[in-house]
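An overview of the molecular structure
Given next are the chains, with one letter for each unit.
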Amino acid sequence: YISFKYTNKHSIQNKLWTDTIMTHVFHRHPKQSLPTAVAGEGITLIDQNGKRYIDASGGAAVSCLGHSHPEVIAAIHQQIDAVAYAHTSFFTNEPAEQLAQFLAQRAPGDLDYVYFVSGGSEAIEAALKLARQYFVEKQQPSRRLFIARRQSYHGNTLGALAIGGNAWRRAPFLPLLTEAHHVSPCYPYRDQGADESDHAYATRLADELEQKILQLGPENVAAFVAETVVGATAGVLVPVPGYLQAIRRVCDQYGVLLILDEVMCGMGRTGHLFACAEDEVTPDILTIAKGLGAGYQPIGAMLASRRIYQTLVDGSGFFQHGHTYMGHATACAAALAVQQVIERDQLLHNVRVRGQQLRQGLHQTLSAHPNVGDIRGRGLMVGIELVADKQSKTPLDHHAKTHTQLRRVAMDKGLLMYPMGGTVDGVHGDHILLAPPFICTAQDIDHIVELVSATIFEVL
Ligand code: PLP
């Protein structure tokens, strides 16, 4: 593999770093030196020194099948040998057709049409544009506004950022973002009253959405966008029972489309292939990515309802959107193999069982820690919310520093977990995301619990 030239000349300017790699990669954090990933084996990643890391966050909830799965690799080889890529203006391809059929047959309701892109942000952009075009074609051109939720993340492209609810991520780019509006997330740990039932809480949040729609004028609102289970930004928020159904009713009442973003929580992460199936809610448009291709190839998708698809077919006959790599044959072949293995090996059952074990284990070892405010999740999507004070639930200060320390100490111990920040009333909050591969054994989960706890006790 690539050999780097090492230099310490930058350490003079930045005393924190002794070894800075000479690199021409535009790294996101140029001041951090990272190990080089050279191999993957099941739930483990291996760096250039042979050090092994348990991938307990699957990157950021991506590697759901672990690394180097031979059947996925074989499917990729086979597709590249046949044809790696053919532009979708000229051809369709077999893996895209088969994968779309696979997903449509298993998706809730009439989400029958699948639009393949290269990742989560692209899927969201496609969803926003489809919602807008749908209303243009339905002769309702005033419907142009999107409502989303605070403490949400839908991606880093400009459309996705516009609807996203992470104030910190949005701040520098605000002048570039189109108009979007935000309502409260479903955040029981911080927002549900002690005496408030799930039903009352869900109703209160649905009322807030209704008020927002009425304030903006229903004739101006195109869609409400929400993560079925929130991932980044708020450290895994599972909706209370009845919340999504109440939201769905409000959207229906005002002719507003419901877009559910399952880029992180979809594709089995919660123990169901589509997270919203557990809530018995069908959106009009649904986005997926991450676990779809499990990191073997970059791929995401948008699923659209029959009604929306048919409106375009009967109208302009054309979706005014597209990317060069959409429906990429090799990416679709990889994703199809991933999904077939997950289904054949009944891994979603394992997700549910191991998820419970993970949450229980974390509760046992971490509940008493003064900075662990909440441990929550669904399936193998688990969040730990860190607070400065348990009573007041004040977020931890200096979140970036804490993130870096948590990540470093965990990596020293041979663990990959994903610390992330959100914004709670304008103050950054800290969370740790755990999203281990679906193939984890009971022993793996015990080991992960042990390492996560040891890391938190060492840093905080
Ligand atoms: N939507 C959600 C819910 C996500 O969690 C993410 C990524 O973390 C995205 C969208 C953006 O996906 P990507 O990073 O693949 O563009």
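Residues numbered from 1 in each chain as written. Predicted model: local features only at pLDDT ≥ 70, side-chain atom pairs only at ≥ 80, totals over all residues.

**What about the overall build of the protein?**
Regarding its fold elements, the protein presents 16 helices and 18 strands. With respect to the principal axes defined by its C-alpha atoms, the protein has extents near 60 × 60 × 45 Å. If you take every contact in the protein between residues at least 6 apart in sequence, the share linking residues at least 24 apart comes to 72%. (Helix = DSSP H or I, 4+ residues; strand = E, 2+ residues; numbered from the N terminus. Contact = placed C-beta atoms within 7 Å.)

**Overview of the pairing of strand 9 (residues 221–227)**
With seven of seven residues buried, strand 9 is to be regarded as a mostly interior element. Judged from the three bridges that link them, strand 7 (residues 145–149) and strand 9 form a sheet pairing that is parallel. Paired with L145 across the bridge in strand 9 is V221. Pairing geometry for strand 9 and strand 10 (residues 257–262), over five bridges, is parallel. Each bridged residue has a counterpart across the sheet, and for E227 the counterpart in strand 10 is D261. Taking the sense of rotation as the criterion, the β-α-β connection linking strand 9, helix 10 (residues 243–253) and strand 10 turns out right-handed. (Buried ≥ 20, exposed ≤ 12 C-beta atoms within 10 Å, placed from the backbone. Pairing = 2+ DSSP bridges. Right-handed = clockwise from strand over helix to strand, strands pointing away.)

**With respect to the site of the ligand**
Not every one of the 15 residues close to the ligand is listed here, only the nearest: G119, G120, S121, G155 and V263. Top element by residues in the shell around the ligand is helix 5 (residues 120–137). It accounts for three residues. Residue composition of the shell around the ligand, by class: seven nonpolar, six polar and two charged. (Near = placed C-beta within 6 Å. Nonpolar A, V, L, I, M, F, W, Y, C, P; charged D, E, K, R; others polar.)

**Section: the sheet that holds strand 5 (residues 52–55)**
Taken in spatial order, the four strands line up as 3-4-5-16 in an open sheet, and their pairing is mixed. At either end of the open sheet lies a strand with only one pairing partner, and these are strand 3 (37–41) and strand 16 (415–416). Relative to strand 5, strand 4 (residues 44–47) is paired through three bridges, and the arrangement is antiparallel. Bridging from a neighbouring strand, L45 pairs with Y53 of strand 5.

**Section: the domain arrangement of the protein**
Buried accessible area, meaning the area lost when the parts come together, often serves as the stated size of an interface. Segmenting the protein into domains produces domain 1 (35–68 + 347–459) and domain 2 (72–344). On a C-alpha basis, the centres of domain 1 and domain 2 stand 25 Å from each other. Counting residues at the interface gives 35 residues for domain 1, matched by 32 residues for domain 2. Of all the secondary structure elements, the ones that give two or more residues to the side of domain 1 that touches domain 2 are helix 2 (58–61), helix 14 (347–366), strand 13 (372–378), strand 14 (381–389), strand 17 (418–424) and strand 18 (427–434). In terms of residue class, the side of domain 1 that touches domain 2 is built from 16 nonpolar, 13 polar and six charged. (Domains from an automatic or database assignment.)

**Quick notes on the confidence of the model for the protein**
Looking at the protein, pLDDT values average 92 and 93% of them are 70 or higher. pLDDT under 50 marks residues 1–20. Its contacts with residues more than four places away, or in other chains, come to 22 contacts. Interface scoring of the predicted complex returns ipTM 0.99; its pTM is 0.94. (pLDDT = per-residue confidence, 0-100.)

**A word on the sheet that holds strand 6 (residues 113–117)**
Adjacent strands of a sheet pair through backbone hydrogen bonds, lying either parallel or antiparallel. Spatially, 6-12-11-10-9-7-8 is the arrangement adopted by the seven strands of the open sheet, whose pairing is mixed. The strands lining the two open edges of the sheet, one partner per strand, are strand 6 and strand 8 (180–183). With direction set aside, neighbouring strand axes in the sheet form an average angle of 20°. The sheet contact formed by strand 11 (residues 285–288) and strand 12 (residues 300–304) spans four bridges and is antiparallel. Note that in strand 12 the partner of I285 across the bridge is A304. In the packing of helix 5 onto the sheet, the strands contacted are strand 6, strand 7, strand 9, strand 10, strand 11 and strand 12, and the crossing angle to strand 12 comes to about 25°. (Axes fitted to C-alpha atoms, helices over the stretch in contact; angles between N-to-C directions.)

**Quick word on the packing of helix 3 (residues 70–82) against helix 13 (residues 329–344)**
Between two packed helices, the angle of one axis relative to the other and the distance separating the axes together describe the packing. Across the interface, helix 3 lies against helix 13 with an axial gap of 8 Å and an inter-helix angle of 150°. When the axes of helix 3 and helix 13 are compared, the pair comes out roughly antiparallel. Note that helix 3 runs across helix 13; the crossing there is right-handed. Across the interface between the two elements, E71, V72, A75, I76, Q79 and I80 of helix 3 pack against A329, T330, A333, A334, L336, A337, V338 and V341 of helix 13. Counted by class, the contact of helix 3 with helix 13 contains eleven nonpolar, two polar and one charged residues. (Parallel < 35°, antiparallel > 145°, perpendicular 65-115°, else oblique. Left-handed = near helix turned anticlockwise from the far one by under 90°.)

**Section: the nonpolar core**
Residues I247, I285, A301, M302 and L303 are the most contacted members of the largest nonpolar core, which totals 141 residues. Of all the elements, helix 13 adds the most residues to this core, at ten residues. When near neighbours in sequence (up to four residues on either side) are disregarded, I285 contacts A127, L130, A131, L257, I259, M302, L303, A304 and I308. (Core = buried A, V, L, I, M, F, W, Y, C linked by C-beta atoms within 7 Å.)

**So, helix 9 (residues 198–216)**
Over its 19 residues, helix 9 extends 27 Å from the first C-alpha to the last, a length consistent with the 27 Å expected when each residue adds 1.5 Å. For helix 9, every residue scored as buried is listed here: Y201, A202, L205, A206, L209, E210 and I213. Where helix 9 is buried, its residues touch strand 7, strand 8, helix 8 (188–191), strand 9 and helix 10. Just downstream of helix 9, G217 is the residue with a positive phi angle, here 90°. (Expected span 1.5 Å × (residues − 1).)

**What to know about helix 10**
What helix 10 keeps buried is the set Y243, L244, A246, I247, R248, V250 and C251. The secondary structure elements touched by the buried residues of helix 10 are helix 9, strand 9, strand 10 and helix 11 (275–278). One or two positions beyond helix 10, positive phi appears at G255, with a value near 65°.

**Description of unusual backbone geometry**
In this structure, S68 is a non-glycine residue whose phi angle is positive, near 60°. On the secondary structure map, S68 appears in the loop between helix 2 and helix 3. Look at S68 and you get partly exposed, because 14 C-beta atoms sit within 10 Å. Even without a glycine there, the phi angle at V236 is positive, about 70°.

**Some points on the packing of helix 9 against helix 10**
As a packed pair, helix 9 and helix 10 sit with axes 9 Å apart at the nearest point and diverge in direction by 25°. Comparing the axis directions of helix 9 and helix 10 gives the class roughly parallel. Between helix 9 and helix 10 lies a crossing of right-handed hand. Across the interface between the two elements, A202, T203, L205, A206, L209 and E210 of helix 9 pack against Y243, A246, I247 and V250 of helix 10. Of the residues in the contact of helix 9 with helix 10, the class split is eight nonpolar, one polar and one charged.

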